[in-house]
Amino acid sequence: MDLVSKYQGVVGRVFGNDNSSSNDDSYVERLLDRISNGQLADDRRSAMAELQSVVAESHAAQLAFGAMGFPVLLSVLKEERDDVEMIRGAIETLVSAVSPTQHPKLSKNEVQPALMNSDLLSREVENISLLLSLLSEEDFYIRYYTLQLLTALLTNSPTRLQEAILTIPRGITRLVDMLMDREVIRNEALLLLTYLTREAEEIQKILVFEGAFEKIFSIIIEEGGSEGGVVVQDCLELLNNLLRNNTSNQVLLRETIGFDPVVSILKLRGTTYKFTQQKTINLLSVLDTITLLINADLQTDPGRDSNGLANRTVLVQKKVLDHLLMLGVESQWAPVALRCMALRCIADLVINHPKNRDVLASKVLGEDPQVEPALNSILRIILRTSSTQEFLAADYVLQNFCEKNPDGQTMLVSNLNPQSSSKIRSPFEEDVDVPFGSMLLHGLTLSESDGDLEICCRAASVLSHLLKDNIQCKEKVLQVELEAPTPSLGGMEPLMHRMVKYLALVSSMKSKDGKASASGSVYIHPIILKLLIIWLFDCPRAVQCFLDSHPHVTYLLELMSDQTATVCVRGLAAVLLGECIAYNKTIDNGKNAFSIVDAVSQKIGLTSYFSKFDEMQNSLLFTSAKPALTRKPLSRSNAASMSEIENVEEDDTTDHNSDDFSMLAMVFDSQFVDFVKRLDAKIREQIVEIYSHPKTQVAVVPAELEQKSEESDKEYIQRLKRFVEKQCLEIQDLLSRNATLAEDLARTGGNDSSQVERKVSAGSERVQVETLRRDLHETSQRLETLKAEKSRIEAEASMYQSAASKMESDLKSLSDAYNSLEEVNFQLEREVKALKSGGSVSVDVEAIKAEAKEEAQRESEAELNDLLVCLGQEQSKVEKLSARLSELGVDAVKLLDSIGEDMGLDEDDDDDEEED
């Protein structure tokens, strides 16, 4: 009884002593005493039956049982395995103890006995191991109630039970084996495994290893596929639990069993126009399976979509698109929820997958001769459906088809041409021969005559997908012209101008109190503005077309100031006007970027203008933006409500506010929100650039700057120079102040984007940099002039050096001639001496010698005089050169010394060569 005391102590501290002294407590205590201490087997079995009955019906009895009953019944399960009736009664009593009674709903402050009892029973792993061992019993009811007990415990304490089962050897295997048991037990085991595999990756892997895929599909086939009952729903939910966020299980399914069993469930059999609630739920479940396979890596690792890409490829190869198009497009009698989910699957199959996009583009629906491309049929759904959810799903298909698909966009835009009058007057949903572009253009202009902008709004959403990131398509659609509504008013009207006209028409539809007078006007404004923003983005020709009508800018300024408009509408109008600044390449006055900035500054002020961006980005739609068409996993609890969406379009009491919010959420999805944030930074940067570098205009010279009659040209030039310098200083100061002002305005509103602050913070510094750049340019020019002058002087010095070298050479020649003359004279003297000694000739040697010396002296003096004259001339040049070199900072003495040293080295080299 120590275990009993332990449980009594736990519950006693929770409930106090009043409950233990109640009649129910004493009655439960007596029954437990009879079970544990009774001598007769029949009496003990009778007490077990009474205990089960009272615990199932009484809230107080459940509390009392939790205080003292678990040790007694667990002891029975351990020690009396041969008594089938006692084991069965004990299990059934435990099921009653952990299941809610029919007692009125308890308040939050009251004790929940079923939860408390579940916690007590699942606290010990040994208890769970004991229950799993009962699954091997031969008695049907023991296995059945054991599975019910485990399911109840899993419902109340999922984490604890999952951990316990993982620690028990072959625990999962025993549960999987129950899938091959009798039908009732199989269904209970299936439900238990469904609960057990939610967010338990380890258990999911073990189940797959134990052959869960084969068993699941075997049960589905046995039950008749989508035509089956709730068992098929449980099988598909278990399958989805095994595949959700588990790449390894998905790869194993694809490479072993394959996707054929999944695709086969989508096949419609018999009378396809009959969709019961259970059949709808089963089809929704298998579509959920396909969605998990398609978006595999997008949920776990968006940067690596290899597994999801492979799944998409294989599914399309298995002809899944045919079944999805049948459910989502052709079976218009199918429930709305089913059609919407099939369309979403089609969209997820083609996104970023060129081959799947081509397959979808080639699909045709209907029977001859009434056949049309599948994309045309999807566009027809967009334009004609009365269900907002179906429009969103069909629009999502075209959005994903056009994403990073310039060829597909070009194909759909290629036939965007007005049809003949007969075609326009006929209902477009009845003519399957109308091309995609013509049908879309018909939808864009249909509201002009009907006075309903809903269809135009939907067509505008489609057109925005066709134009996104595609300059060629944008420019082609700019060429589309429409006939003026009133022929007397003029010629053709560009399609863009018609869209702006519809914007103004939406504003006029509002009542005097500022509320929308027509359903849908809440989101028509944002959708058309989104189209224009995507159209003008990075497309100067589109900007020019928009500005060709001057009232367009005025209308946007008024829309930004309209207090009855929503924060997002005013913000989108500011973004659209900002694009007219950022991507404006025109030079016409009144249309260029400078004129737009001036208009904004004068009409609403730049501070107010930038505040529109900040208000929009702080709105709920921006801060809570999510990827398009996100949804919760389909389970048994929400499947019934999902299937009941089919009655939405017939229900006149439908909440239009939820539809409006869904439409706005489609406009402001996470992708568009990020795009607007980047565009915001670009617009702020461009406005700062305009303030820092205003447009150049032709200056008119004032009369006082004309040259005066008594003023010389030199004085006039000096006066103009002083005036220009003064004007430059004033302009630099003005530019600096403008840049600082633009920087402050761009930061207004507390935008926390550091990138924007970095881009606009250099406004004033840019002006200083420009000034320094001009100073550097002037200095560089002066330096180049000095370098040229230096080069010229160095050339002159080199020329003078050459002249000096030539004079040096002449002096050397003269010296050589003089030496030669001395040698001749010496030779003559020797001959004279020889003659004297020989006495054979009587010659006046002294006279000859004197005459020769006199002749040589005359020749030397003449040459020396010429040399001195030349040296004098060269000396004057050298003095002038030395003075010029001194002005340039060159030491002339050192230069001459270096020249002399070089010459000396040359002479030494010559002497060495002569000696050699």
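For clarity, every value in this text was computed on a predicted model and none was experimentally measured.

Quick notes on the overall build of the protein
Moving on, step 1. Within the protein, the secondary structure is distributed over 46 helices and four strands.
Moving on, step 2. In the protein, which comprises 916 residues, the share counted as buried stands at 45%.
Moving on, step 3. By sequence separation, contacts in the protein at least 24 residues apart represent 73% of the contacts at least 6 residues apart.
Moving on, step 4. Counting every atom, the protein has about 46,900 Å² of accessible surface; 52% of that belongs to carbon and sulfur.

Considering helix 7 (residues 113-122)
Moving on, step 1. The element helix 7 is extensively covered by neighbouring structure, given that eight of its ten residues are classed as buried.
Moving on, step 2. Residues of helix 7 that are buried: P113, A114, M116, N117, S118, L120, L121 and S122.

A few points about the state of the cysteines
Moving on, step 1. Inspection of the entire model under this criterion finds zero disulfides.
Moving on, step 2. Between C402, a free cysteine, and C473, which holds the nearest cysteine sulfur, the sulfur-to-sulfur gap is 8.5 Å.

Here's the deal with the pattern of salt bridges
Moving on, step 1. Inspection of every chain in the model, using the stated rule, returns 31 salt bridges.
Moving on, step 2. Taking the shortest distance from any N to any O, the salt bridge between R45 and E85 comes out at 3.9 Å. Residue R45 is found in helix 3 (residues 41-57), and its partner E85 is found in helix 6 (residues 84-97); the two are separated by 40 residues along the sequence.
Moving on, step 3. By relative accessible area, which is 25% here, R45 ends up partly exposed.

Side note on the packing of aromatic side chains
Moving on, step 1. Under the definition given, this model contains 13 aromatic pairs.
Moving on, step 2. Note on Y609 and F613: the rings are 5.3 Å apart at their centroids and 80 degrees apart in plane angle, and the pair reads as edge-to-face. Linking Y609 with F613, this pair stays in helix 37 (residues 606-617), spanning four residues, or about one helical turn. Taken as a pair, Y609 and F613 share a single burial class, namely buried.
Moving on, step 3. Judged by centre distance (6.0 Å) and plane angle (35 degrees), the ring pair of F672 and F675 falls under tilted.

Brief notes about the environment of G89
Moving on, step 1. Secondary-structure assignment places G89 in helix 6.
Moving on, step 2. Placed 52 residues apart in sequence, G89 and Y141 show a C-alpha to C-alpha distance of 9.7 Å.

Some details on the pairing of strand 1 (residues 364-367)
Moving on, step 1. Inspection of the sheet shows strand 1 paired to strand 2 (residues 370-373) by four bridges, in the antiparallel sense. What sits directly across from G366, in strand 2, is V371.
Moving on, step 2. Taking the residues between adjacent antiparallel strands as the criterion, strand 1 and strand 2 are bridged by two residues.

Brief notes about unusual backbone geometry
Moving on, step 1. The backbone phi angle of K319 is positive, close to 65 degrees, even though this residue is not glycine.
Moving on, step 2. Of note, K319 is situated in the loop between helix 20 (306-317) and helix 21 (320-330).
Moving on, step 3. Within the chain, D538 stands out as a residue other than glycine whose phi angle is a positive 55 degrees.
Moving on, step 4. Among the secondary structure elements, D538 is positioned in the loop between helix 32 (521-536) and helix 33 (540-547).

Describing a nonpolar patch on the surface
Moving on, step 1. Together, L821, V824 and L828 make up a nonpolar patch on the protein surface, roughly 220 Å² of accessible area in all.
Moving on, step 2. Within the secondary structure layout, L821 lies in helix 44 (residues 763-838).
Moving on, step 3. A relative accessible area of 34% means that L821 is categorised as partly exposed.

Some words on the confidence of the model for the protein
Moving on, step 1. Of the residues in the protein, 77% have a pLDDT of 70 or more, and the chain-wide mean is 80.
Moving on, step 2. Note that pLDDT drops below 50 for residues 1-21; the model gives that stretch 27 contacts with residues more than four away or on any other chain.
Moving on, step 3. Residue range residues 516-520 is modelled with pLDDT below 50. Its contacts to residues more than four positions away, or to other chains, number nine contacts.

Examining the side chain of S157
Moving on, step 1. Looking at the secondary structure, you find S157 in the loop between helix 9 (140-156) and helix 10 (158-167).
Moving on, step 2. Residue classification places S157 among the buried residues on the basis of a relative accessible area of 11%.
Moving on, step 3. Setting aside its immediate chain neighbours within four residues, S157 contacts S118, D119 and S122.

Thoughts on helix 10
Moving on, step 1. Taken together, the buried positions of helix 10 are occupied by L161, Q162, A164 and I165. Buried residues in helix 10, looked at end-on, bunch into an arc of 165 degrees, giving them a common side.
Moving on, step 2. In this structure, the buried side of helix 10 is in contact with helix 8 (125-133), helix 9, helix 11 (171-177), helix 12 (183-196) and helix 13 (201-209).

A short note on the packing of helix 8 against helix 9
Moving on, step 1. At their nearest, the axes of helix 8 and helix 9 sit 9 Å apart, and the two run at 145 degrees to each other. For the pair helix 8 and helix 9, the crossing hand works out as left-handed. Touching I128, L131 and L132 of helix 8 are T146, L149, L150 and L153, all from helix 9.
Moving on, step 2. The residue inventory of the contact of helix 8 with helix 9, partitioned by class, reads six nonpolar, one polar and no charged.

Remarks on the environment of I604
Moving on, step 1. Within the secondary structure layout, I604 lies in the loop between helix 36 (593-603) and helix 37.
Moving on, step 2. When the C-alpha positions of I604 and M560 are compared, they lie 8.6 Å apart, and in sequence the two are 44 residues distant.
Moving on, step 3. For I604, the residues in contact, after removing those within four places along its chain, are L557, M560, S561 and Y609.

Overview of the environment of V320
Moving on, step 1. Structurally, V320 can be placed in helix 21.
Moving on, step 2. A relative accessible area of 0% places V320 in the buried class.
Moving on, step 3. On a C-alpha basis, the gap between V320 and I346 in space is 9.1 Å, while along the polypeptide they are 26 residues apart.

Definitions and cut-offs
Residues numbered from 1 in each chain as written. Predicted model: local features only at pLDDT ≥ 70, side-chain atom pairs only at ≥ 80, totals over all residues. Heavy atoms only, no water. Helix = DSSP H or I, 4+ residues; strand = E, 2+ residues; numbered from the N terminus. Buried < 20%, exposed > 50% of the residue type's maximum accessible area, 1.4 Å probe, protein only. Contact = heavy atoms within 4.5 Å. Areas by Shrake-Rupley, 256 points an atom, 1.4 Å probe, with all protein chains shown as cover. Disulfide = S-S within 2.5 Å. Salt bridge = Lys/Arg side-chain N within 4 Å of Asp/Glu carboxyl O. Phe/Tyr/Trp six-rings, centres within 6.5 Å; stacked < 30°, edge-to-face > 60°. Pairing = 2+ DSSP bridges. Patch = residues over 30% accessible without salt bridge, like charges linked within 9 Å, V, L, I, M, F, W, Y side chains within 5 Å. pLDDT = per-residue confidence, 0-100. Arc of directions from axis to C-beta. Axes fitted to C-alpha atoms, helices over the stretch in contact; angles between N-to-C directions. Left-handed = near helix turned anticlockwise from the far one by under 90°. Nonpolar A, V, L, I, M, F, W, Y, C, P; charged D, E, K, R; others polar.

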